[in-house]
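# Chain and residue survey
For reference, the chains in residue letters:
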Amino acid sequence: MGDEAYTQMKVQQYLDDVSRLDIPPSQTQWYNVDVANMIADTKIRGHEVDESTGASLLFLERSCMLCCPESGIMHHFPKHLLHCFVDDNRSKCDAADGILMRAELFSITPKGEQLAWERCCRSEMEVPSVQNAVARWLSWLNE
């Protein structure tokens, strides 16, 4: 598969995933028009969606883009300003908030423009999902 076809496939996979979100039609339209036009020829390395908020995170070659459909804002973060934090509470069964593992991809940028993409789990069965997300983040950060 050529570079252009691969790029188009990754963009389509992303748009397919955001189309499955349970968000208002105006937000779906924002994704399908504004975001789709912005990323049409962009090399996407990966993506994640937050089903609870409708937000999504696009991993690009040297940066990531946080798409917030509620506000209609796309935030851009250079990769060199991003870090990963993992808090593993599995050995402490009394975690006050019930979270067994929390992982966060965050930026060191001005307060109003910070990235705080988080994955949490409260069940041992969900731990592999959080670990897989962290592995993808670290792989991308170290490329």
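Read on for an overview of the structure. Note that the coordinates shown come from a computational prediction; the quantities given were computed from them, not determined experimentally.

About the thresholds
Residues numbered from 1 in each chain as written. Predicted model: local features only at pLDDT ≥ 70, side-chain atom pairs only at ≥ 80, totals over all residues. Heavy atoms only, no water. Buried < 20%, exposed > 50% of the residue type's maximum accessible area, 1.4 Å probe, protein only. Helix = DSSP H or I, 4+ residues; strand = E, 2+ residues; numbered from the N terminus. Pairing = 2+ DSSP bridges. Axes fitted to C-alpha atoms, helices over the stretch in contact; angles between N-to-C directions. Parallel < 35°, antiparallel > 145°, perpendicular 65-115°, else oblique. Left-handed = near helix turned anticlockwise from the far one by under 90°. Contact = heavy atoms within 4.5 Å. Nonpolar A, V, L, I, M, F, W, Y, C, P; charged D, E, K, R; others polar.

### A closer look at the pairing of strand 1 (residues 46-49)
Alternating positions in strand 1 separate cleanly, Gly46 and Glu48 being buried on one face and His47 and Val49 remaining unburied on the opposite face. In this sheet, strand 2 (residues 56-59) lies alongside strand 1 in antiparallel orientation, the contact comprising 4 bridges. Among the inter-strand pairings, glycine 46 is bridged to a residue of strand 2, identified as phenylalanine 59. Hairpin geometry of strand 1 and strand 2 is characterised by an intervening segment of 6 residues between the two adjacent antiparallel strands and by a positive phi of about 85° at glycine 54.

### Description of the packing of helix 1 (residues 3-19) against helix 2 (residues 25-39)
Axis angle and axis distance: for two packed helices, these are the angle between their axes and the distance between the axes, and together they describe the pair. At a closest axis distance of 11 Å, the pairing of helix 1 and helix 2 adopts a crossing angle of 160°. Relative to helix 2, the element helix 1 lies roughly antiparallel. The two elements helix 1 and helix 2 meet at a crossing, and its hand is right-handed. Of the residues in helix 2, those in contact with Val11, Tyr14, Leu15 and Val18 of helix 1 are Tyr31, Val35, Ala36 and Ile39. Residue composition of the contact of helix 1 with helix 2, by class: 8 nonpolar, no polar and no charged.

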